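Here are the chains, one letter per residue:
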Amino acid sequence: MLQLLCAISLFAVAQNGKIKGLVTDEKTNEPLVGATVMLERTTTGTVTDFDGKYAIESVPPGTYTLRCSFISYETKLLPDISVKAGQELEFNFQLGESTVEIGGVDVVAKANRESESMLLIDQKEAAVSRESIGAKQLSAQGVSDAASAAAKITGVTKQEGSKTLNIRGLGDRYNTTTLNGLPLPSNNAENKNIDLELFSTDIIEFISVEKAFTPSMLGDCAGANVNISSKKQRGSDFLNVGIKSGFNTETSNADEFYLSDGPGYFGFYNTSGPTSLDSYNVFKNKWNPQKKTVYPTSGLSMATGKSFRFEHSALNAFLTASFDNEYKYSGLLERKINASDIEQKDLEGTQYSYETQTTGMLNLNYQKGTDNYYFNSIFLNTSDQSLKDLRGYVVDVAEDSALVRRSEFERTTVWVNQLLGEHEFSKKMKMEWGLAYNNIHNIIPDRRHNTMDGTDPDYKFFATNDQSNNNRYFHDLKENELAANASFDYSFGEPFDGQDYRGKLTVGYSGKYKDRSFIATQFNHKIITNQTIDVMDIDSYFNDANLQAGYFKVRTFSSNYIISSTYDGKQFINAGFLNLEYNLSQKLLFSGGLRLENVYQKIEYSTTLDEGEGDFNELKFLPDFALKYALNDKSNLRFSSGITYTLPQFKETALFLFEGITDAVVGNPYLYPSKDYNADLKWEYFPKTGELLSAAVFGKYISNPINKFVMASASNDYTYANTGDWAQLYGLELEARKNIINIENEAISKKLFLIANMTLMYTNQKLDNKKINEETEGLVNSNFIQNHEELQGAAPLIANASLSYTMKWKNSNFSLTPTVIYAYTSDRLFLIGYSKIGKQVDKAINNLDIVIKSKIKHLGISLSAKNILNPNIDRMQENESQDFLIRSYKKGTKISFGLSYEF
């Protein structure tokens with residue numbers, strides 16, 4: 001059966017041909033950029049690049065009429081083109097100016113924005129600044145997820161350990177994320193934005209980072225908006241299947257590999273907490289670490305696309321599904337140092353983890369004339385099963401020879417559904433709209449935590465000074481979100497030569513409703529009769545027989561009853577916006593508008609610390625102003641400015657205590673929004689197809705910024721506050737995309753391509769102890785020893801570079817592309833300190849990847865080595881007297897090999 005399937009697939013593949021060529025102006029012979037070339041009565045087509053070139057790949061054998069059209073030019077047809085199996089045809093067009101209006105066609109070709117050339121055309125022609133990276137470049141660099149993809153764009157870094165992005169020095173709270181222009185919910189109680197690592201590149205057409213505010217964007221955005229455009233079916237029908245395998249080099253250092261009891265191979269697991277404390281059998285999982293066999297990383301993927309063509313319309317369907325997993329191992333160091341340089345916790349040991357990701361997406365596109373309808377449904381399931389085994393010292397708890405062990409499983413399920421529409425009523429009037437329903441479910445079912453003491457490494461007794469030293473923890477976060485966008489464009493005025501309109505007025509609405517519920521229950525184990533036990537057999541003590549015998553008791557909040565900590569948050573945002581684009585001259589474009597946004601946010605909480613609620617209801621006036629000046633045909637000068645705001649997050653405003661191994665974070669109900677002033681000046685130059693040189697300077701002023709810091713208290717917990725009156729940020733961005741070698745002849749093409757970018761930043765903010773104390777009515781106290789500090793997460797220097805060399809042998813349909821990728825992030829502030837407890841700083845990271853891609857006809861081969869340098873991921877605490885290393889681990893080098901085949 002398999003041999004028959006392969007034979008059929010090879011036969012189908014052999015049928016495909018290719019059509020390419022050049023489109024120019026018949027009078028000037030200048031290339032026409034953005035001309036549409038398509039096969040009549042199909043949805044197969046493309047648009048020309050910067051050099052006027054086009055290529056239509058994978059054309060099934062047959063006879064076609066080739067249509068070439070461009071606004072203000074006559075349309076030309078080439079009838080009766082015969083395409084044979086494996087044939088490459090070339091047809092050039094010379095278009096003359098049109099004296100009659102071009103009639104509509106039934107199906108409009110859409111530019112494929114997986115291509116870097118098309119994305120750069122968009123960037124050059126756009127009224128406002130944006131930067132994008134397409135699927136083709138992501139594939140060449142071996143990028144596996146949206147977070148890593150966005151980090152390839154100038155000024156963007158991944159925040160190590162928190163799974164969030166930092167853009168131009170501003171962290172998670174200052175940024176927004178959207179999918180096809182509609183907002184995405186957060187999957188984590190601690191963060192505002194969804195973890196972009198959830199989105200594999202299998203479902204991405206391109207990613208854009210919009211660093212300049214426009215009225216159509218949500219106003220809660222001072223850093224940037226990251227927009228993912230989901231992959232759509234274009235061109236010929238196809239089926240692609242892939243497999244991959246590999247390993248993480250750090251796992252070879254593990255003599256044995258352990259994980260917690262419960263979860264399985266695929267990561268679809270849940271267990272509910274007990275409803276009664278009368279029996280210990282209600283807990284389904286064991287305490288004992290489970291010895292596991294480490295298998296190589298595995299991955300399976302499938303993608304298929306098919307177009308259904310009707311007389312005056314077409315339906316395009318794209319479906320993809322994938323599963324990936326990975327075993328990880330590392331040494332781990334965690335410390336807590338007080339103001340007197342005394343180690344309160346000094347722990348070192350190992351951490352094991354097993355991660356999975358399952359992804360599925362269905363994308364439907366119905367085209368009829370100039371009307372387009374899209375339906376997207378994306379399902380994501382990720383899991384992270386981990387076990388940390390640390391030994392050392394815990395002051396006043398386990399001072400002989402401490403053992404701290406934490407077994408945890410976290411699962412996140414995301415379901416995103418979108419319905420979108422595009423309508424062109426005439427050349428002057430267009431409309432776009434979108435509706436979304438998103439659902440997030442994040443669980444930690446039965447996290448187990450032990451703290452033990454004793455001089456014998458294998459046999460210890462339980463620490464008893466606090467009943468929370470040994471506990472089981474369950475939490476459940478559910479979030480539902482409804483969102484809607486609608487905008488109407490009206491073009492007016494006599495355009496200048498080569499332009500589509502003199503002016504364009506856009507009016508629109510956007511809104512979202514978010515409802516989040518969070519419940520957490522910690523089951524503390526109060527030790528009554530302590531005894532020495534085998535550290536690998538905790539279940540010999542924590543069992544139902546010993547519970548009934550009174551050796552220990554299970555409590556929540558020191559109660560015999562099950563009491564949970566909860567918070568519920570609601571957010572309702574409604575906004576109307578107005579924007580005007582107007583060409584003041586052939587070269588100067590003005591863009592400006594206003595967003596009027598009403599924000600209502602409410603939270604209710606009941607926790608170990610207190611019960612309460614809080615809300616705010618504010619109307620925001622958010623103007624923006626932008627100018628674009630075309631210095632010549634290949635370069636632009638842009639200026640933009642705008643006002644935005646920054647909301648405190650639900651978790652930050654709930655008086656809720658989140659405990660880690662060496663730290664604890666508590667919310668602050670007195671937080672309120674910040675106000676942000678943004679400005680940007682950018683020069684961009686497009687020398688040739690796919691090439692770019694750019695430089696930008698930017699500045700931001702933040703009124704009443706929110707920060708995370710060490711609270712002045714006996715426990716030195718972390719908290720949040722509006723820490724001062726202002727913060728400011730200035731920066732310089734440089735970017736280059738350049739063909740170093742570009743050789744092409746009848747037999748072979750060779751291309752050496754460089755991409756490099758760098759961001760330099762200076763940040764400063766005022767810190768005010770008195771302000772914090774007064775605004776929180778004494779609930780939160782700080783003791784900053786200096787009046788100014790850098791912004792959290794802002795690295796003064798960020799640099800990325802990649803060098804790709806592509807060779808294509810045309811006669812054999814064989815290509816080879818090795819790519820070297822380097823990234824650098826300098827030291828950056830993680831946490832503001834208190835008194836003599838210094839600030840915490842994440843140290844600089846150098847990263848080097850090598851990716852090799854090859855294609856032999858329709859067989860794809862990939863080999864990659866990522867994080868080759870494998871640096872320590874270090875966090876330092878800079879106390880007054882000296883610096884202390886408080887956290888350190890390694891990510892390991894990931895080696896991967898993959899095969900794919902397109903039928």
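### Remarks on the nonpolar core
Here's step 1: Leu196, Phe199, Phe518 and Tyr567 are the most contacted members of the largest nonpolar core, which has 57 residues in total.
Here's step 2: Residue contributions to this core peak at four residues, all from helix α4 (residues 146-150).
Here's step 3: Ignoring sequence-local partners within four residues, the contact set of Phe518 consists of Ala189, Tyr473, His475, Asp476, Leu477, Ser565, Thr566, Tyr567, Phe656 and Phe658.
Here's step 4: Among the nonpolar cores identified, the runner-up in size contains 19 residues, and Ala35, Tyr54, Leu89 and Phe93 belong to it.

### Some details on the environment of Ile603
Here's step 1: Tracing the backbone through its elements, the reader meets Ile603 in strand β31 (residues 588-606).
Here's step 2: When its relative accessible area of 5% is taken as the criterion, Ile603 is described as buried.
Here's step 3: Linking Ile603 and Gly349, residues 254 residues apart in sequence, is a C-alpha distance of 39 Å.
Here's step 4: Here Ile603 is in contact with Tyr567, Asp568, Gly569, Gly612, Glu613, Gly614, Phe650, Thr653 and Ala654, once residues within four sequence places are set aside.

### Side note on the sheet that holds strand β9 (residues 131-134)
Here's step 1: With mixed pairing, five strands are arranged side by side in an open sheet as β9-β14-β15-β12-β13. Pairing within the sheet leaves two strands with one partner each, and these edge strands are β9 and β13 (182-183).
Here's step 2: Of the strand pairs in this sheet, strand β12 (residues 176-179) and strand β15 (residues 225-230) are connected by four bridges, and their pairing is parallel. If you follow Thr178 over to β15, its bridge partner there is Asn227.

### Quick notes on the environment of Asn574
Here's step 1: Structurally, the position occupied by Asn574 is in strand β30 (residues 565-583).
Here's step 2: For Asn574, a relative accessible area of 27% translates into the label partly exposed.
Here's step 3: Once the C-alpha coordinates of Asn574 and Ser510 are considered, the two residues, 64 residues apart in sequence, prove to be 6.2 Å apart.
Here's step 4: Excluding residues within four positions of it along the chain, Asn574 makes contact with Tyr509, Ser510, Gly511, Leu596, Glu597 and Asn598.
Here's step 5: Within the structure, the side chain of Asn574 is placed 2.5 Å from the side chain of Tyr509, a separation counted as a polar contact.

### A few points about the environment of Leu403
Here's step 1: As for its position among the elements, Leu403 is in strand β23 (residues 398-424).
Here's step 2: Between the C-alpha atom of Leu403 and that of Asp278, which follows or precedes it by 125 residues, the distance is 29 Å.
Here's step 3: Once residues lying within four places of it in the same chain are set aside, the contact partners of Leu403 are Asp389, Leu390, Arg391, Asn450, Thr451, Met452, Lys460 and Val535.

### Regarding unusual backbone geometry
Here's step 1: Even without being glycine, Asp341 reaches a positive phi, approximately 65°.
Here's step 2: Structurally, Asp341 is set in the loop between β20 (313-337) and β21 (343-368).
Here's step 3: Positive phi, normally seen in glycine, also occurs at Glu777, with a value near 55°.
Here's step 4: Tracing the backbone through its elements, the reader meets Glu777 in the loop between α7 (769-775) and β42 (788-789).

### Comments concerning the sheet that holds strand β6 (residues 76-83)
Here's step 1: Strands sit in the order β3-β2-β5-β6 across an open sheet of four strands; the sheet is antiparallel. The sheet is open, and its two edges are formed by β3 (45-47) and β6, each paired on a single side. Sheet twist, expressed as the average angle between the axes of neighbouring strands with direction ignored, equals 20°.

### Here's the deal with the packing of aromatic side chains
Here's step 1: Under the criterion given, the structure shown has 37 aromatic pairs.
Here's step 2: With a centroid separation of 5.4 Å and 90° between ring planes, the pair formed by Tyr280 and Phe552 is classed as edge-to-face. Residue Tyr280 is found in the loop between β17 (257-259) and β18 (290-292), and its partner Phe552 is found in strand β29 (residues 552-555); the two are separated by 272 residues along the sequence.
Here's step 3: The class for Tyr280 is buried, based on a relative accessible area of 5%.

### Side note on the pattern of salt bridges
Here's step 1: All chains considered together, the criterion is met by 39 salt bridges.
Here's step 2: Of the charged contacts in the structure, one is a salt bridge between Glu343 and Arg335, with a shortest N-O distance of 4.0 Å.
Here's step 3: With a closest N to O distance of 3.7 Å, Arg391 and Asp389 form a salt bridge.
Here's step 4: A relative accessible area of 30% means that Arg391 is categorised as partly exposed.
Here's step 5: The class of Asp389 is buried, set by a relative accessible area of 13%.
Here's step 6: When salt bridges with common partners are traced through the structure, they connect Glu131, Arg168, Lys211, Asp680, Lys682 and Glu733 into a single cluster.

### Digging into the side chain of Asn678
Here's step 1: Within the secondary structure layout, Asn678 lies in strand β36 (residues 674-685).
Here's step 2: For Asn678, the side chain forms a polar contact with the side chain of Lys700, separated by 3.2 Å.
Here's step 3: Among residues more than four places away in sequence, those in contact with Asn678 are Ala222, Ser640, Ser641, Gly642, Ile643, Thr644, Gly699 and Lys700.

Thresholds, definitions, all that
- Residues numbered from 1 in each chain as written.
- Predicted model: local features only at pLDDT ≥ 70, side-chain atom pairs only at ≥ 80, totals over all residues.
- Heavy atoms only, no water.
- Core = buried A, V, L, I, M, F, W, Y, C linked by side-chain atoms within 4.5 Å.
- Buried < 20%, exposed > 50% of the residue type's maximum accessible area, 1.4 Å probe, protein only.
- Helix = DSSP H or I, 4+ residues; strand = E, 2+ residues; numbered from the N terminus.
- Contact = heavy atoms within 4.5 Å.
- Pairing = 2+ DSSP bridges.
- Polar contact = N/O pair within 3.5 Å; in protein donor to acceptor, adjacent residues only side chain to side chain.
- Axes fitted to C-alpha atoms, helices over the stretch in contact; angles between N-to-C directions.
- Phe/Tyr/Trp six-rings, centres within 6.5 Å; stacked < 30°, edge-to-face > 60°.
- Salt bridge = Lys/Arg side-chain N within 4 Å of Asp/Glu carboxyl O.

So far we have only geometry, and geometry alone does not tell us how the molecule works.
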